[in-house]
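Results of the structural survey
Residue strings, one per chain:
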Amino acid sequence: MKTRNRTFIAAAIAVLAGTIGIATPAHADETEAFAEVSSVTVNADGTVTKRIFTPAPDVTPTELARMLTESGVPNVVVHTEGDISAQAAACSLGTARTWPTSTTCFWRWAYKGQPRPILHFLDRTSAAWPVGRAATEWNTVSGIDSIRRTPSAGCLSSAHCIDMVSANYGNTGWVGETWVRWNAAETYATSAAIYLNDYHANTETEKWTAACHEMGHALGLDHNTSTGSCMYGKLVAGMSKYPNANDKALLERYY
Ligand SMILES: [Zn+2]
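Read on for a plain summary of the structure. Predicted model, so just to flag it, every value in this text is computed and none were measured.

On to the state of the cysteines, then. Under the definition given, this model contains three disulfides. At a sulfur-sulfur separation of 1.9 Å, the disulfide partner of cysteine 91 is cysteine 105. Where cysteine 91 bonds to cysteine 105 through sulfur, the torsion about that S-S bond is close to -75°, and the disulfide is left-handed. With cysteine 91 in the loop between helix 3 (81-86) and strand 4 (92-93) and cysteine 105 in the loop between strand 5 (96-97) and strand 6 (108-109), this residue pair connects regions lying 14 residues apart in the sequence.

Of all hydrophobic cores here, the largest spans 46 residues; its most connected members are Trp109, Phe121, Trp138, Ile162, Ile194 and Met215. Looking at this core, the elements with two or more residues in it are strand 2 (48-55), strand 7 (118-124), helix 4 (131-138), strand 9 (160-167), strand 10 (174-182), strand 11 (188-197), helix 5 (204-219) and helix 6 (245-254). Considering each element in turn, this core owes the most residues, seven residues, to helix 5. If you look at the next biggest cluster of nonpolar residues, it comprises 11 residues, including Val37, Ala65, Met67 and Trp174.

Let us now look at the pattern of salt bridges. If you walk through the whole model with that rule in mind, you get nine salt bridges. Where glutamate 36 meets lysine 50, a salt bridge forms, and the shortest distance between an N and an O atom there is 3.0 Å. Of this pair, glutamate 36 sits in strand 1 (residues 36-42) while lysine 50 sits in strand 2; the two residues are 14 residues apart in sequence, bridging distant segments of the chain. On the accessibility criterion, glutamate 36 (2% relative accessible area) is buried.

Every buried residue of helix 6 is listed here: Asp247, Lys248, Leu250, Leu251 and Tyr254. Burial along helix 6 is one-sided: seen end-on, the buried residues are contained in an arc of 160°. Its side-chain oxygen placed 3.0 Å from the backbone nitrogen of asparagine 246, asparagine 244 serves as the N-cap of helix 6.

Attention now moves to the coordination of the zinc ion. Looking at the zinc ion, one finds its protein donor set to be His213 (NE2), His217 (NE2) and His223 (NE2), positioned 2.0 to 2.1 Å from the metal centre. Between consecutive donor residues of the zinc ion, the sequence gaps follow H-x3-H-x5-H. With histidine 213 and histidine 217 both in helix 5 and four residues apart, this pair spans about one turn of that helix. In this structure histidine 213 comes out as buried when scored by relative accessible area, which is 0%.

When we look at burial in helix 2 (residues 61-70), the residues that qualify are Pro61, Leu64, Ala65, Met67 and Leu68. Seen from one end, helix 2 has its buried residues packed into an arc of 165°, which puts them on one side. Once helix 2 ends, the next one or two residues include glycine 72, with phi positive near 100°.

Glancing now at unusual backbone geometry. Located in the positive-phi region is asparagine 75, a residue other than glycine, with phi close to 55°. Backbone geometry places lysine 112, a non-glycine residue, at a positive phi of 55°. Under the relative-accessibility criterion, lysine 112 is labelled partly exposed at 41%.

So, about the pairing of strand 9. In the sheet, strand 7 pairs with strand 9 via six bridges, with the strands oriented parallel. Bridged to histidine 120 within strand 9 is cysteine 161. With five bridges connecting them, strand 9 and strand 11 associate as parallel partners. Bridge pairing in strand 11 links serine 166 to leucine 196.

The rules behind the values
- Residues numbered from 1 in each chain as written.
- Predicted model: local features only at pLDDT ≥ 70, side-chain atom pairs only at ≥ 80, totals over all residues.
- Heavy atoms only, no water.
- Disulfide = S-S within 2.5 Å.
- Helix = DSSP H or I, 4+ residues; strand = E, 2+ residues; numbered from the N terminus.
- Core = buried A, V, L, I, M, F, W, Y, C linked by side-chain atoms within 4.5 Å.
- Buried < 20%, exposed > 50% of the residue type's maximum accessible area, 1.4 Å probe, protein only.
- Salt bridge = Lys/Arg side-chain N within 4 Å of Asp/Glu carboxyl O.
- Arc of directions from axis to C-beta.
- Polar contact = N/O pair within 3.5 Å; in protein donor to acceptor, adjacent residues only side chain to side chain.
- Donors = N, O, S within 2.8 Å, 3.2 Å for Na, K, Ca; no water.
- Pairing = 2+ DSSP bridges.

This is the structure:
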């Protein structure tokens, strides 16, 4: 009898867990537009790698998280706008948000002895991706340089070299991915790279917007709550392919 009760209780817990799982909303709602789909890994040397993924136009953050997990990406989480707002008002300016770590509102790129940090976006994307035009807009921020470099020119040692690659990665659910590696204290970035998926970006506007978006992540920004910025949480029709004034001013606060 005791055994039967235990079996019943175990079965009841399993049913309850299943019910909770089914009850998790899989549909899009307005908070999802600001969501951040990411994966954090603590490396053997104590440094931290964070990957952030931009959902394809027809994929919700929840769906993307499921697809990433099924494809073997570890520790996938979806942070909502509520989580990000809770980080502190200091992490935001108007509609713009910094990309916080577990220890700071804003992680920085080192100056490497320069008057301001220099980011070289090493453009190994196909000609269809307007990386140069996206970089030019970010480079209007005076405190940090954003420069497109061709593969033949390479990166200078005075700059941080951020690899940008495009390919048809297939139906991954993401149009762009940026990963950044932080020091163990999660206060400085030591390297970063950007991947752009031809499969999910059909028009030049979508490609431009996605490139602008991922570069903004590499610069240290999180999602902007306005569709007037390329840092809006996902690609939607009519959104801007440029950073907005808040994105730029927020970077100027830290550099
Ligand atoms: Zn994003």
